[in-house]
Amino acid sequence: MSVLPLVFTSGWASGINSYAVVLLLGIFGATGLSDEVPASLQRTDVMVVAGILFLIEAVNDKIPYLDSLWDSVHTVVRPLAGAVVGALLAGQSGSLPELAAGAVGGSTALVSHLVKAGTRMAVNTSPEPFSNIAVSTAEDLGVAGIITFAMFHPVAAAVIAAVLLVAGVVILLFLANRIRRFRRRRAERRERKRPAGQGMRPPD
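Not measured: the values here are computed from a predicted model.

Colleague: Talk me through the overall build of the protein; I want residue IDs and the actual numbers.
Modeller: Helix and strand content of the protein: 8 helices and 0 strands. Each helix and strand of the protein, placed in order from N terminus to C terminus, yields the pattern α-α-α-α-α-α-α-α. Its C-alpha atoms put the protein at 70 × 35 × 35 Å along the principal axes. Within the protein, residue pairs in contact and separated by at least 24 positions form 74% of the contacts whose partners lie at least 6 positions apart. Here the protein displays about 10,600 Å² of accessible surface, and carbon together with sulfur accounts for 70% of that area. Both charge centroids of the protein, one from 18 positive and one from 14 negative side chains, sit 12 Å from each other.

Shown next as structure tokens:
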């Protein structure tokens with residue numbers, strides 16, 4: 001069977017939490033539950049680093065505004081992780097060219113990341129922090145659930161990931177006003193933090 005469904009699913013999940021994807025794939029491979037996981041992801045040092053970074057993200061991702069800053073930093077990290085994981089999976093199975101798998105995993109992760117980051121901007125317009133915790137927890141559970149499901153039912157998991165990706169884009173369009181409000185508030189906070197007189201033109 002082609003590894004493409006697993007590449008697509010791991011790309012979607014990497015756009016949300018790339019460290020969880022690397023950690024889970026490593027665990028499934030190291031425990032012998034899957035033969036699709038390349039040896040490089042099963043290395044102890046890789047899984048330890050992924051686990052530590054996952055714990056850091058689990059905390060940062062639940063704090064209003066810090067989660068959006070974290071997303072900004074990971075605009076490059078998550079798509080790159082999706083591309084690397086996709087290429088590694090393709091190299092392990094030999095059923096799909098590594099370059100094509102990297103393109104699929106990376107592009108899927110990028111779209112998924114943009115949906116996640118945009119949704120968080122909309123959530124951050126809410127004054128209470130509980131919505132951030134709820135959304136972040138749902139994302140973590142969703143990534144864990146779909147990667148686990150993909151290990152045993154890759155095609156069905158890819159269909160679910162595709163539906164979630166399309167639904168996320170549609171929801172993002174509906175949240176456009178909230179996202180603009182978030183950006184406006186962030187710009188206002190930056191303006192207030194700027195020292196008095198900075199940015200003013202000197203008199204002629």
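Colleague: Talk me through the packing of aromatic side chains; I want residue IDs and the actual numbers.
Modeller: The tally for this structure, following the rule as stated, stands at 1 aromatic pair. For the pair Phe28 and Phe152, a centre-to-centre distance of 6.5 Å together with 90° between the ring planes defines the contact as edge-to-face. One end of the pair, Phe28, is in helix α1 (residues 4–30); the other, Phe152, is in helix α6 (residues 130–152), and 124 residues separate them in sequence. A relative accessible area of 47% means that Phe152 is categorised as partly exposed.

Colleague: Quick one: what's the story with the pattern of salt bridges, residue by residue and with numbers?
Modeller: Two side chains bearing opposite charge may form a pair once their charged atoms approach each other closely. The tally for this structure, following the rule as stated, stands at 9 salt bridges. When the shortest N-O distance is used, the salt bridge between Arg78 and Glu57 registers 3.3 Å. With Arg78 in helix α4 (residues 66–93) and Glu57 in helix α3 (residues 44–60), the pair connects residues that are 21 residues apart, well separated along the chain. Its relative accessible area of 0% is what places Arg78 among the buried residues. For Glu57, a relative accessible area of 1% puts it in the buried group. Residue Lys116 is joined to Asp61 by a salt bridge in which the shortest nitrogen-to-oxygen separation is 3.1 Å. On the criterion of sequence distance, the pair formed by Lys116 in helix α5 (residues 98–123) and Asp61 in the loop between α3 and α4 is long-range, its members being 55 residues apart. In this pair, the class of Lys116 matches that of Asp61, namely buried. Overlapping salt bridges, with partners in common, bring together Asp61, Asp67, Lys116, Arg120 and Glu139 in one network.

Colleague: Describe in detail the side chain of Thr108, supporting the description with residues and values.
Modeller: Position of Thr108 relative to the elements: it lies in helix α5. For Thr108, a relative accessible area of 6% puts it in the buried group.

Colleague: Tell me what's going on with a nonpolar patch on the surface, and back it up with residues and numbers.
Modeller: A cluster of nonpolar side chains, contributed by Val59, Ile63, Leu66, Leu69 and Val73, occupies part of the molecular surface with about 420 Å² of accessible area. Tracing the backbone shows Val73 in helix α4.

Colleague: Which residues make up the packing of α4 against α5, and what are the values?
Modeller: Relative orientation of the contacting elements α4 and α5 amounts to 155°, with a least axis distance of 7 Å. On the basis of their axis angle, the class for α4 and α5 is roughly antiparallel. In the crossing of α4 with α5, the sense of the turn from one axis to the other is right-handed. Here the contact of α4 with α5 is built from residues that sort into 9 nonpolar, 10 polar and 6 charged.

Colleague: Can you break down the nonpolar core residue by residue, with the values?
Modeller: Val3, Trp12, Leu25, Val143 and Ile147 are the most contacted members of the largest nonpolar core, which totals 32 residues. Those elements that place two or more of their residues in this core are α1, α3, α4, α6 and α7 (154–174). No other element matches α1, which puts 13 residues into this core. Setting aside anything within four residues of it in sequence, one finds Val143 in contact with Ala13, Ile16, Asn17, Ala20, Val21 and Leu24. Met121, Ala122, Leu172 and Ile179 belong to the second-largest nonpolar core, a separate cluster that totals 6 residues.

Analysis parameters
- Each residue is numbered by its place in its chain's sequence as written, counting from 1.
- Only residues with pLDDT of at least 70 get local features here, since the model is predicted, and only at 80 or more are side-chain atom pairs given and counted; chain-wide, interface and lining totals rely on the full set of residues.
- Computation of side-chain values covers all heavy atoms of the structure but excludes hydrogens and water.
- Helix numbers and strand numbers start at the N terminus; a helix is a DSSP run of H or I with at least 4 residues, a strand a run of E with at least 2.
- When checking whether two residues touch, look at their non-hydrogen atoms; a contact exists if any pair is within 4.5 Å.
- Here, Shrake-Rupley sampling with a 1.4 Å probe gives the accessible areas, and only protein chains in the shown set may cover a residue.
- In this tally, Asp and Glu contribute negative charge and Lys and Arg positive charge; neither His nor the terminal groups of the chain are included.
- Working definition for charges: the position is that of NZ of Lys, CZ of Arg, CG of Asp or CD of Glu.
- A pair of Phe, Tyr and Trp rings is counted when the ring centres sit within 6.5 Å of each other, with Trp represented by its six-membered ring. The angle between the planes then sorts it: under 30 degrees is stacked, over 60 is edge-to-face, the rest tilted.
- Accessibility here uses a 1.4 Å probe with only protein chains present; expressed as a share of the type maximum, an area under 20% marks a residue as buried, one over 50% as exposed, and anything in between as partly exposed.
- Note on definitions: salt bridges are taken to be side-chain nitrogens of Lys or Arg within 4 Å of carboxyl oxygens of Asp or Glu.
- Patch definition: residues above 30% relative accessible area lacking any salt bridge, with like charges linked at up to 9 Å and the nonpolar side chains Val, Leu, Ile, Met, Phe, Trp and Tyr linked at up to 5 Å.
- Fitted lines through C-alpha atoms serve as axes, helices being fitted only where they are in contact, and the angles separating the N-to-C directions of these axes extend from 0 to 180 degrees.
- Under this scheme an angle from 65 to 115 degrees is roughly perpendicular, one under 35 degrees roughly parallel, and one over 145 degrees roughly antiparallel; angles in between are oblique.
- Two helices cross in a left-handed way if the nearer one is turned anticlockwise from the farther one by less than a right angle. They cross in a right-handed way if the turn is clockwise.
- Any residue outside Ala, Val, Leu, Ile, Met, Phe, Trp, Tyr, Cys, Pro, Asp, Glu, Lys and Arg is labelled polar, Gly included; the first ten of those are nonpolar and the last four are charged.
- Buried residues of nine kinds, namely Ala, Val, Leu, Ile, Met, Phe, Trp, Tyr and Cys, make up a nonpolar core once their side-chain atoms join them within 4.5 Å.

Everything listed here is a matter of coordinates, which is why it stays silent on function.
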